[in-house]
Amino acid sequence: MTSIRPWYRRPSRVIPAALAALGVVAVAAAVISPWPMALLIRAMFEQDGAKTATEMQGHVPHVPLQEPLDVRTGVAGASFDAFSPVGLDGPLPTVVWIHGGAWISGSKETVRPYAQIIATQGYTAIALDYTVAPEATYPVALEQLNSTLAYLVENADELRIDPTRIVLAGDSAGANLASQLAVLTTNPAAAAELGITPALQPEQLVGMVLDCGIYDVEVMASAGGIGGLGFSIALWAYLGDRNWSSTIGATEMSTLDWVTADFPPTWISGGNADPLTDLQSKPLATKLTGLDVPVTELFYPADHEPALGHEYQFHLDLEDARGALDSTLAFLATVTASS
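Residue numbers run consecutively from 1 along every chain, following the written order of its sequence. Where local features are concerned, this predicted model is filtered to residues with pLDDT of at least 70; where side-chain atom pairs are given and counted, the filter is 80 or more; whole-chain, interface and lining totals use all residues. As a convention, hydrogens and water are excluded, and side-chain values are obtained from all of the structure's heavy atoms.

Undergrad: Just give me the short version of the overall build of the chain, but keep the residues and values in it.
TA: Think of it this way: any DSSP run of H or I at least four residues long counts as a helix, any run of E at least two long counts as a strand, and we number them from the N terminus. For the chain, the helix and strand inventory stands at 11 helices and nine strands. Our radius of gyration is a C-alpha quantity, and the globule rule it is checked against amounts to 2.2 Å times the number of residues to the power 0.38. For 339 residues, the compact-globule formula gives about 20 Å, and the C-alpha radius of gyration of the chain, at 22 Å, lands near that figure. Burial classification: accessible surface area is computed with a 1.4 Å probe over protein chains only, and a residue below 20% of its type maximum counts as buried, one above 50% as exposed, and the rest as partly exposed. Considering the chain as a whole, with its 339 residues, one finds that 52% of them fall into the buried category. In the chain, the share of contacts with a sequence separation of at least 24, taken over all contacts with a separation of at least 6, comes to 77%. Residue exposure ignores everything except the shown protein chains as possible cover, and the areas themselves are Shrake-Rupley values with a 1.4 Å probe. Carbon together with sulfur atoms contributes 58% to the accessible area of the chain, which is approximately 15000 Å² in total. Should any heavy atoms of two residues lie within 4.5 Å, those residues are counted as being in contact.

Undergrad: Let's hear about unusual backbone geometry: which residues, and what values?
TA: Pro-134 follows Ala-133 through a cis peptide bond whose omega is 5°. Mapping Pro-134 onto the fold places it in the loop between strand S5 (124-129) and helix H4 (140-154). At the junction of Glu-305 and Pro-306, the peptide bond is cis and its omega measures out at 0° in the coordinates. Tracing the backbone shows Pro-306 in the loop between strand S9 (295-298) and helix H11 (319-335). Even without being a glycine, Arg-160 presents a positive backbone phi close to 65°. Among the secondary structure elements, Arg-160 is positioned in the loop between helix H5 (156-159) and strand S6 (161-171). Relative accessible area serves as the criterion here: at 10%, Arg-160 is assigned to the buried category.

Undergrad: How would you explain H4 if you had to name every residue and give the values?
TA: Along its 15 residues, H4 runs 21 Å from first to last C-alpha, staying within 8% of the 21 Å computed at 1.5 Å per residue. Among the residues of H4, Ala-141, Leu-142, Gln-144, Leu-145, Asn-146, Thr-148, Leu-149 and Leu-152 are the ones counted as buried. In this scheme, a helix's expected span is set at 1.5 Å multiplied by one less than its residue total.

Undergrad: Give me the lowdown on the side chain of Asn-146, citing residues and values where you can.
TA: As for its position among the elements, Asn-146 is in helix H4. Among all residues touching Asn-146, those that are not within four sequence positions of it are Leu-181, Ile-196, Thr-197, Pro-198 and Ala-199.

Undergrad: Go over the packing of aromatic side chains, please, and point to the residues and values.
TA: Aromatic pairs are defined between Phe, Tyr and Trp rings, using the six-membered ring for Trp, whenever the two ring centres lie within 6.5 Å; interplanar angles under 30 degrees are classed as stacked, those over 60 as edge-to-face, and all others as tilted. A full pass over the atoms with the stated rule returns eight aromatic pairs. A centroid spacing of 5.6 Å and a plane angle of 15° characterise the contact between Trp-103 and Tyr-238, whose relative ring orientation is stacked. With Trp-103 in the loop between strand S4 (92-98) and helix H3 (108-119) and Tyr-238 in helix H8 (residues 225-239), this pair connects stretches of sequence that are 135 residues apart. An identical accessibility class is assigned to Trp-103 and Tyr-238; each is buried. Judged by centre distance (5.0 Å) and plane angle (70°), the rings of Tyr-114 and Phe-314 are edge-to-face. Of the two residues, Tyr-114 is situated in helix H3 and Phe-314 in the loop between S9 and H11; the sequence distance between them amounts to 200 residues. Taken as a pair, Tyr-114 and Phe-314 share a single burial class, namely buried. Three or more aromatic residues link up through ring pairs in this structure, and these residues are Trp-103, Tyr-138, Phe-231 and Tyr-238. A ring is scored as having a charge over it whenever the NZ atom of a lysine or the CZ atom of an arginine sits within 6 Å of its centre and within 35 degrees of its normal. It is Lys-282 that lies over the ring of Phe-299; its NZ or CZ is 5.7 Å from the centre.

Undergrad: Which residues make up empty space enclosed by the protein, and what values do they have?
TA: Cavity: a set of points on a 1 Å grid over the protein atoms alone where a 1.4 Å probe fits but cannot get out. Pocket: an open set with protein on both sides within 12 Å along at least five of seven lines, its lining residues, like those of a cavity, having an atom within 4 Å of a point. Grid points are joined across faces, edges and corners, and a volume is the space filled by probe spheres set on the points. Tallied over the full model, the rule gives one cavity of 30 Å³ or more. By volume, the largest cavity is sized at about 50 Å³. As for the largest cavity, its lining consists of Gln-180, Val-183, Leu-184, Ala-190, Glu-193, Leu-194, Glu-252, Thr-255 and Trp-258. Every element with two or more residues in the lining of the largest cavity is listed here: helix H6 (173-186) and helix H7 (188-194). For the lining of the largest cavity, the residue count by class is five nonpolar, two polar and two charged. When residues are grouped by polarity, Ala, Val, Leu, Ile, Met, Phe, Trp, Tyr, Cys and Pro land in nonpolar, Asp, Glu, Lys and Arg in charged, and all others, Gly among them, in polar.

Undergrad: Which residues make up a nonpolar patch on the surface, and what values go with them?
TA: Note on patches: the residues involved have over 30% relative accessible area and no salt bridge, like charges join within 9 Å, and the nonpolar side chains Val, Leu, Ile, Met, Phe, Trp and Tyr join within 5 Å. A side-chain nitrogen of Lys or Arg and a carboxyl oxygen of Asp or Glu constitute a salt bridge if their distance falls within 4 Å. On the surface, a cluster of nonpolar side chains totalling about 290 Å² of accessible area is made up of Leu-40, Met-44 and Phe-45. Relative to the helices and strands, Phe-45 is located in helix H2 (residues 35-57).

Undergrad: Go over the pattern of salt bridges, please, and point to the residues and values.
TA: Oppositely charged side chains may form a pair once their charged atoms are brought near each other. Counted according to the given criterion, the structure contains eight salt bridges. Here Lys-108 ties to Asp-70 by a salt bridge, and the two come within 2.3 Å at their closest N and O atoms. Here Asp-70 lies in the loop between strand S1 (65-66) and strand S2 (71-72) and Lys-108 lies in helix H3, a separation of 38 residues in the sequence. On the basis of relative accessibility, which here comes to 1%, the residue Lys-108 falls in the buried class.

Undergrad: Account for the environment of Gly-49, naming residues and giving values.
TA: Within the secondary structure layout, Gly-49 lies in helix H2. Between the C-alpha atoms of Gly-49 and Glu-109, which are 60 residues apart in sequence, the distance is 9.1 Å.

Below, the structure is given as structure tokens:
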């Protein structure tokens, strides 16, 4: 009598077929919605972000800080952490940091150690949270961040914020959001285009720190490789349209086209192994310099070793990242110096 092996004893046929079927389902889902791939990218980014935050934590000086955490602003999805050194009197110059994560991942916890490091140098440092995509599409995050800036100014005394000396900062997608908030603040045409009343007055915004950001969103439509695919998924999720490059949101997010001579003095950097440096950071630096905006650039030769990738500035075990931090702090001291 011939025995019949059950299906689970025959993986060579059944399991590959099942995996192939799952692959077809995943591809089909990705064609219909950005959710499956966006959540997969988020999981990978957040795993890497947690490791990087742990690395940064080892470089936070042992300086006592006031640390109100998870402060709610009254706007759903908007919250922040605030750090300021114990023992310093009065309001302090303030650095407001917006985390990255391709608009679909990340949290203020991933930049918390960097904000703490800045705070130990005599600043109030604020790390902001906002609702990422696909849970919320553009311009929800921008509106949340603008409302948080308004909250910070309204509660400046309690938070030890000097509302006349604010620096906006961000990394990756957070740099895009920071630059867009600065454009809203300094370019009335941009504010009118979006229908958003800026929370800050131009004179309150004394500087920008932009790490590894995206400032020409539309050009990302021609980016190739796995990185280009990832950005396409992220921007589909964030802008809410598979044809994201032709949306009004993509135009509004491209701050390279909206900056004016009133844009604040800017510190800008990107790694030599980060494709976004030549594609995004250097063009913005060139545009700002042409407008006579004071720009502090930190870029590296193409053959620089070690090769510095995206978000290199957070990897403080690297000498170059520590140098970038020193350069950032020197810039902050200059733009926040009291008149």
